[in-house]
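Examination of the molecular architecture
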Amino acid sequence: MASELTRKTATELAAAVSGGEVSAAEVTQAHLDRIAEVDGRVKAFLHVSADNALAAARAVDDKRARGEELGPLAGVPVAVKDLFATVGMPTTCGSKILQGWVPPYESTVTARLRQADGVIIGKTNMDEFAMGSSTENSGYGPSRNPWDLAKVPGGSSGGSAAAVAAHLAALSLGTDTGGSIRQPAAVCGVVGTKPTYGGSSRYGVVAFASSLDTPGPFGRTVLDTALLHQVMSGHDPMDATSIDAPVPPVVEAARHGDVAGMRIGIVSEFAGDGYQPGVMSRFAEAVELLEALGAKVTEVSCPHFTYALPAYYLIAPSEASSNLARFDGMRYGLRSGSGSAEEVMAVTRAAGFGPEVKRRIMLGAYALSSGYYDAYYGKAQQVRTLIIRDFEAAFEQVDVLISPPTPTTAFDIGERADDPMAMYLADLCTIPSNLAGNAALSVPIGLAPENGLPVGLHVMAPPLADDRLYRVAAAVEAAYQSRWGHPLLDEAKGL
Ligand code: GLN
């Protein structure tokens, strides 16, 4: 059973800790107890640092005792994807090649979270180097979907989505390179946002595809998610692609959900064969709801979105093949073999990387090789420009775009493990926003009638208009709350 404290939202917990109704240490202990009780089955965490978390919580309590004002995440337990560098806690990126590595420095995003008096409760499981859509590519075994333990929690930030869904943490951090926040959020029934590229710092985040990687928040409510979004965002001189502009007013927008008069475009390319009936029927229902709330909904064609997936699978592996060259057995983590530096490098990389990571490195090295560069990498970059133009044209007609976040609900563990193409299709709808760098989120819109598993609504906004996402999501959430609410998994699913 979840305690009263693990049922509270982050917003409620922060207010209770700031007001002295409960201590940060009690809140942290309640979540640690719940993890001990449940995480043997969910396997959301790779490392739970009880000592670190309790020490951080006590520091928050001491600060309050000294009469200092607490930050916006006062005493809120946050689960962190295991690719954010955290001092004093291992950071493995879900890979054997980084087993046991404890970073000597802190990522900007986790540093901001600590400054806001948040408590890092542990590091969550993920697909190795964030490559995947199910957490099955983790070097440490898969996480499970709290709604049905035989299903995947999505990926690559599957552990972070599962942790929040199962009430093991009030908030969590992920990264989204092709959909790795929005897809797991959708299939775990929580809210997840990919901020505008450059809106949240990549400093101290282990790189997969640097022109696409975007840290972002998960929460059980729209307001909670906006709260973490706000805390983690803003200019960082340590990241050359960080945007030097004010953070969009996401919390303000989450408090004032309203779509009256808003122009909303349905991406006409994202429907048809391959989309599960329950995903499409819930989507149709959400469209009706938005219209009833006063939005003006039209269909918008984005003809090049159909080419986003193949372009992504050239660009992302190309960048990965270059980024992952640094894991050479010399500087970090695993070192295997003996003899020359080249031999050590070859043996270490053969032993330390899993099959999907090796597949991406080979794909990327091939796409970048001389003679093929123009035909593959160069062509994919041209497609990327066409996708950006599709978005620009669409956002001249509408304020936001919507689609399903992913074509299906959570699939069985093992179902797509031997079929990389089937796995890649999970991100069909999310990838265009990564290629264009704009903001997007997934918000729950109920359960698929055929299997009772969560379905999300995908909302996309122009770069630096992240607040529009929250305006829509808060209106949707408020309208659904009476119908669906947030079923408590410990009661609904025996967790
Ligand atoms: N599933 C996609 C991939 O495997 C996206 C991953 C991500 O966003 N990190 O590349």
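The residue count restarts for each chain, going from 1 along the sequence in the order it is written. Side-chain atom pairs in this predicted model are given and counted only at pLDDT of 80 or more, local residue features only at pLDDT of at least 70, and totals for whole chains, interfaces and linings cover all residues. Computation of side-chain values covers all heavy atoms of the structure but excludes hydrogens and water.

**A word on the overall build of the protein**
To be explicit about the condition: A helix here means a DSSP run of H or I that spans at least four residues, while a strand means a run of E at least two residues long, and both kinds are numbered starting from the N terminus. For this measure, only C-alpha atoms enter the radius of gyration; the expected value for a globule follows 2.2 Å times N^0.38, where N is the number of residues. Three exposure classes are used, based on accessible area relative to the maximum for each residue type with a 1.4 Å probe and protein chains only: buried under 20%, partly exposed in between, and exposed over 50%. The contact definition used throughout considers only heavy atoms, calling two residues in contact when any of these lie within 4.5 Å. Using a 1.4 Å probe, accessible areas were evaluated by the Shrake-Rupley method; residue-level cover was limited to the displayed protein chains. When charges are counted, neither His nor the chain ends are considered; positive counts come from Lys and Arg and negative counts from Asp and Glu. To locate a charge, the coordinates of NZ of Lys, CZ of Arg, CG of Asp or CD of Glu are taken.
When its secondary structure is counted, the protein shows 18 helices and 11 strands. Its C-alpha atoms give the protein a radius of gyration of 21 Å, within 12% of the compact-globule value 23 Å for 495 residues. Overall, the C-alpha framework of the protein stretches about 60 × 55 × 45 Å when taken along its three principal axes. Counting over 495 residues, the protein shows a buried share of 61%. If you take every contact in the protein between residues at least 6 apart in sequence, the share linking residues at least 24 apart comes to 77%. Surface exposure of the protein reaches about 17300 Å², of which carbon and sulfur atoms provide 54%. If you average the places of the 39 positive and of the 54 negative side-chain charges in the protein, the two averages end up 3 Å apart.

**What to know about the state of the cysteines**
Selection rule: Any cysteine sulfur atom paired with another within 2.5 Å is treated as part of a disulfide.
Within this structure, the stated rule accounts for 0 disulfides. Residue Cys 93 stays outside any disulfide, its sulfur separated by 19 Å from that of Cys 188, the closest cysteine. For Cys 302, which is in no disulfide, the shortest distance to another cysteine sulfur is to Cys 429 and amounts to 12 Å.

**Considerations on the pairing of strand 11 (residues 454-461)**
Rules: A pair of strands is treated as paired once DSSP finds two or more bridges between them.
With 8 of 8 residues buried, strand 11 lies mostly within the body of the structure. Side chains Pro 454, Gly 456, His 458 and Met 460 project from strand 11 onto one buried face, and the interleaved Val 455, Leu 457, Val 459 and Ala 461 project onto a second face that is buried too. Pairing analysis gives 3 bridges linking strand 9 (residues 400-403) to strand 11, with the strands arranged antiparallel. Looking at strand 11, one finds that Leu 401 is bridged to Met 460. Examined bridge by bridge, strand 10 (residues 439-447) and strand 11 share 7 bridges and lie antiparallel to one another. Note that in strand 11 the partner of Leu 441 across the bridge is Val 459. Between the antiparallel neighbours strand 10 and strand 11 lie 6 residues, among them Gly 452 with a positive phi of about 70°.

**Things to note about the side chain of Ser 318**
On the secondary structure map, Ser 318 appears in helix 11 (residues 308-323). Ignoring sequence-local partners within four residues, the contact set of Ser 318 consists of Gly 364, Ala 367, Leu 368 and Tyr 377.

**Looking at the sheet that holds strand 6 (residues 214-219)**
Where we set the bar: Throughout, an axis means a line fitted to C-alpha atoms (over the contacting stretch in the case of helices), and angles, computed between N-to-C directions, take values from 0 to 180 degrees.
The mixed open sheet is built from 11 strands, whose spatial order is 1-3-2-4-6-5-10-11-9-7-8. Either end of the sheet is taken by a strand with one partner, and the two such strands are strand 1 (45-48) and strand 8 (296-300). Between one strand and the next, the sheet's axes are offset by a mean angle of 30°, whatever the strand orientation. Pairing analysis gives 3 bridges linking strand 5 (residues 191-194) to strand 10, with the strands arranged antiparallel. Bridge pairing in strand 10 places Thr 193 opposite Leu 441.

**Section: the environment of Ser 433**
Summarising the element assignment, Ser 433 is placed in helix 16 (residues 431-436). Taking the C-alpha atoms as reference, Ser 433 lies 9.4 Å from Ala 308; in sequence the two are 125 residues apart. Look past the residues within four positions of Ser 433 in its chain and what remains in contact with it is Arg 182, Lys 194, Phe 391, Asn 438, Ala 440, His 458 and Met 460.

**Here we look at the pairing of strand 5**
Across the two faces of strand 5 the burial is the same, with Val 191 and Thr 193 and Gly 192 and Lys 194 all buried. Taken together, the 2 bridges between strand 5 and strand 6 define a ladder with antiparallel strand orientation. If you follow Gly 192 over to strand 6, its bridge partner there is Phe 218.

**Let's talk about the site of the ligand**
We apply this condition: Near is defined per residue: the residue qualifies when any heavy atom it owns lies within 4 Å of the molecule or strand. Identification of polar contacts relies on pairs of N or O atoms within 3.5 Å, with a donor-acceptor requirement for protein atoms, meaning one able to donate a hydrogen and the other able to accept it, and with residues adjacent in sequence counted only if both atoms are side-chain atoms.
By nearness alone, 15 residues border the ligand, and Gly 178, Ser 180, Tyr 312, Arg 360 and Asp 427 come closest of all. Gly 132 is positioned such that a nitrogen or oxygen atom in its backbone is 2.8 Å from an oxygen atom of the ligand. With respect to the ligand, the backbone of Gly 179 contributes an N or O atom lying 3.2 Å from an oxygen atom.

**Quick look at the packing of aromatic side chains**
Threshold: Two aromatic rings from Phe, Tyr or Trp, using only the six-membered ring of Trp, form a pair when their centres are within 6.5 Å; if the ring planes differ by under 30 degrees the pair is stacked, by over 60 it is edge-to-face, and anything between is tilted. Charges are assigned to positions over rings by a cutoff of 6 Å between ring centre and Lys NZ or Arg CZ, combined with an angular limit of 35 degrees from the ring normal.
With the rule as written, the count across this model stands at 15 aromatic pairs. Both rings, one in Tyr 313 and one in Tyr 424, keep their centres 3.9 Å apart while their planes meet at 10°; by these two values the pair is stacked. Taken together, the residues Tyr 313 in helix 11 and Tyr 424 in helix 15 (residues 420-424) connect sequence positions 111 residues apart. The residues Tyr 313 and Tyr 424 share a single accessibility class, namely buried. One aromatic cluster in this structure is built from Trp 101, Phe 129, Phe 327, Tyr 332 and Phe 353. Above the ring of Phe 411, the side-chain terminus of Arg 416 is found at 4.0 Å from the ring centroid.

**Here's the deal with the environment of Phe 45**
Secondary-structure assignment places Phe 45 in strand 1. Note on Phe 45: relative accessible area 10%, which makes it buried. Distance in space between the C-alpha atoms of Phe 45 and Gly 159 is 6.3 Å, their sequence separation being 114 residues.

**Here's the deal with the nonpolar core**
Stated precisely, the cut-off is as follows: Among the buried residues, those of types Ala, Val, Leu, Ile, Met, Phe, Trp, Tyr and Cys that are joined through side-chain atoms within 4.5 Å form a nonpolar core.
Ranked by internal contacts, the top residues of the largest apolar core, which has 98 residues, are Leu 73, Phe 129 and Leu 401. In terms of residue count, helix 11 provides more of this core than any other element does, 8 residues in total. Other than its neighbours up to four places away in sequence, Phe 129 contacts Cys 93, Ser 95, Ile 97, Leu 98, Val 206, Phe 208, Leu 324, Phe 327, Phe 353 and Val 357. Formed by 38 residues, the second largest nonpolar core is a distinct cluster that contains Val 250, Val 443, Tyr 470 and Ala 473.

**Things to note about helix 6 (residues 158-165)**
For helix 6, the buried fraction is high: 8 of the 8 residues fall into the buried class. All buried positions along helix 6 are accounted for by Gly 158, Gly 159, Ser 160, Ala 161, Ala 162, Ala 163, Val 164 and Ala 165. Immediately beyond the C-terminal end of helix 6, within one or two residues, lies His 167, with a positive phi of roughly 60°.

**Remarks on the side chain of Glu 477**
Our working rule: Throughout this description, the term salt bridge denotes a Lys or Arg side-chain nitrogen within 4 Å of a carboxyl oxygen of Asp or Glu.
One can find Glu 477 in helix 17 (residues 466-481). Summary of buried charges: Glu 477 has no salt-bridge partner, and the nearest side chain of opposite charge, Arg 220, is 9.6 Å away. Reaching out from Glu 477, the side chain makes a polar contact with the backbone nitrogen of Val 222 at a distance of 2.9 Å.

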